[in-house]
There are 2 protein chains.
Amino acid sequence: MKKISESTINRLSKYYRTLQTLIEKEVETISSEDIADIESITAAQVRKDLSFFGTFGKRGLGYNTKDLKGAISKILGLKKKWNVALVGVGNIGRALVKYNEFKVQGFNIIAIFDKDPSIIGTRVENLTIHPEKNLCKILKGERIDIVIITVPADQAQSIVDQAVYCGVKAFLNFAPISLKATEKVVIKNENMSIELESLSYHLTNRLK
Amino acid sequence: MKKISESTINRLSKYYRTLQTLIEKEVETISSEDIADIESITAAQVRKDLSFFGTFGKRGLGYNTKDLKGAISKILGLKKKWNVALVGVGNIGRALVKYNEFKVQGFNIIAIFDKDPSIIGTRVENLTIHPEKNLCKILKGERIDIVIITVPADQAQSIVDQAVYCGVKAFLNFAPISLKATEKVVIKNENMSIELESLSYHLTNRLK
């Protein structure tokens, strides 16, 4: 398979959601033009994104919504359940543990960690907060695939380093800092402040 | 000023943070090579990003960290305080109201809304939850610049439509759905599930 860009992967996620909605509305087929219209992009882009994975749909007939959703789901690895750990049980961490959407998509948070002795041993939903010193042991024992980082910026790199050392290859980082790892590791950043700063830029320079 | 890409704007945000850290460590000058190394990108990219805004630094001497931080801060509109409203006071919304980083960066959440009668009138931090039916009046009265959307997916577009109608031009959307607005409006998406799905893709296809 060719190397696929992050933008394509992100659009596939969006198509997946769109198809889900269409299937709920009992729509059986859809054209690339209609998908493009919903996503506010061009039909050529939609066809190009889907072409990476072989031939879906028939010329003039469009795509069968269920088949296409199934194919994208397989591409994105959503047929599998993923074991997720979360490190840093502050306000954001706590909200994510309670965020139901993750579980619906097959991402199960099954282990949570903090270093604050006053909350270690307490529960959020039905999970007990573990001390960070047990990180490696539990990541291995629970076969964790993905670690969500919700610690302060100055602690984030150290958590990634430990988790990589213990075999974790995928991270979702909420700490406002650029994290480093080897090529065999993927770190996705949720830089909420950076998105706000982009809005601030547009308000200042373009939308005045 | 030339049209600047979202990627450049996002990198400027990162440089800004890096410079902040360097200034705290009393580093006075830095080369584009050193910035590039910290951000894991090329020095040519750093120079190109900064060249959009004129000439910073001197050949062979690098950039003065305080001057460069000041210039980027001005470009990103961070010298100003922004009035922010948040709609949807569930787990994620509540965590964001308490998230201190936003305020530090000049984004002040000053009005919050929900449609659930059982929480309207109650307080989060020192803010009272307003009913969504008062959205327009309060957005205008409080001169809100940015609205954060933390309602369920099926309610998000309606909130954006109302807020745009009432003069808001910038949105940070946490609902897992593609939202639409006119060209004169900017919507940034925090698609946490989409980032997780990208990790799932990489774990399935590349990192096995």
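My aim in this report is to walk through the structure given alongside it, one point at a time. Within every chain, residues take consecutive numbers counted from 1 along the sequence as written. Labels follow written order: the first chain is A, the first ligand is 1, and so on. A pLDDT threshold of at least 70 governs which residues receive local features in this predicted model, and a stricter bar of 80 or more applies before side-chain atom pairs are shown or counted, although totals over entire chains, interfaces and linings include all residues. The basis for the side-chain values is all heavy atoms of the structure; hydrogens and waters are excluded.

1. Considering the sheet that holds strand S5 (residues 123-124) of chain A
In plain terms, the rule: Think of it this way: DSSP has to see at least two bridges between two strands before they count as a pair. In DSSP terms, a helix is any run of H or I states spanning at least four residues, a strand is any run of E spanning at least two, and both are numbered starting from the N terminus. Any two residues whose heavy atoms approach within 4.5 Å are treated as being in contact. Simply put, an axis is a line fit to the C-alpha atoms, just over the touching stretch for a helix, and the angle between two N-to-C directions goes from 0 to 180 degrees.
Strand order in this open sheet of seven strands is S5-S6-S4-S3-S7-S8-S9 (chain A), and the pairing throughout is mixed. Sheet topology places S5 and strand S9 (186-189) of chain A at the edges, where each strand pairs with a single neighbour. Relative to strand S6 (residues 127-131) of chain A, strand S4 (residues 107-114) of chain A runs parallel, the two being bridged by three bridges. In the sheet register, Phe113 of chain A faces S6 of chain A, and the bridge partner there is His130 of chain A. Along the sheet, helix H9 (residues 192-205) of chain B makes contact with strand S3 (82-87), S4, strand S7 (146-149), strand S8 (170-173) and S9 of chain A, crossing S8 of chain A at roughly 165°.

2. Some thoughts on the interface of chain B and chain A
Operational definition: Buried area is a sum: the accessible area each of two parts loses on coming together, probed at 1.4 Å, counted once for each and added. A side-chain nitrogen of Lys or Arg and a carboxyl oxygen of Asp or Glu constitute a salt bridge if their distance falls within 4 Å. Polar contacts here mean pairs of N or O atoms no more than 3.5 Å apart (in protein, one a potential hydrogen donor and the other a potential acceptor; neighbouring residues in sequence count only if both atoms are side-chain atoms).
With 62 residues of chain B in contact, the opposing surface of chain A contributes 63 residues. Between chain B and chain A lies a buried interface of about 5900 Å² when both sides are counted; carbon and sulfur atoms form 62% of it. The largest contributions to the chain B side of the interface with chain A come from Leu196, Glu197 and Tyr201 of chain B, which together make up 12% of the buried area. Across the contact surface, chain B and chain A share four salt bridges. For Lys188 of chain A, the salt bridge is made with Glu195 of chain B, and the minimal N-O distance between the two is 3.5 Å. Our count for the chain B to chain A interface comes out at 24 residue pairs in polar contact (both at pLDDT 80 or more).

3. Quick look at the sheet that holds strand S7 (residues 146-149) of chain B
Residues and elements named next belong to chain B. Read across the open sheet, the seven strands follow the order S5-S6-S4-S3-S7-S8-S9; overall the sheet is mixed. Two strands close off the open sheet at either side, each with one partner strand: strand S5 (123-124) and strand S9 (186-189). Sheet analysis places strand S3 (residues 82-87) next to S7, joined by four bridges and oriented parallel. Bridge pairing in S7 places Val84 opposite Ile146.

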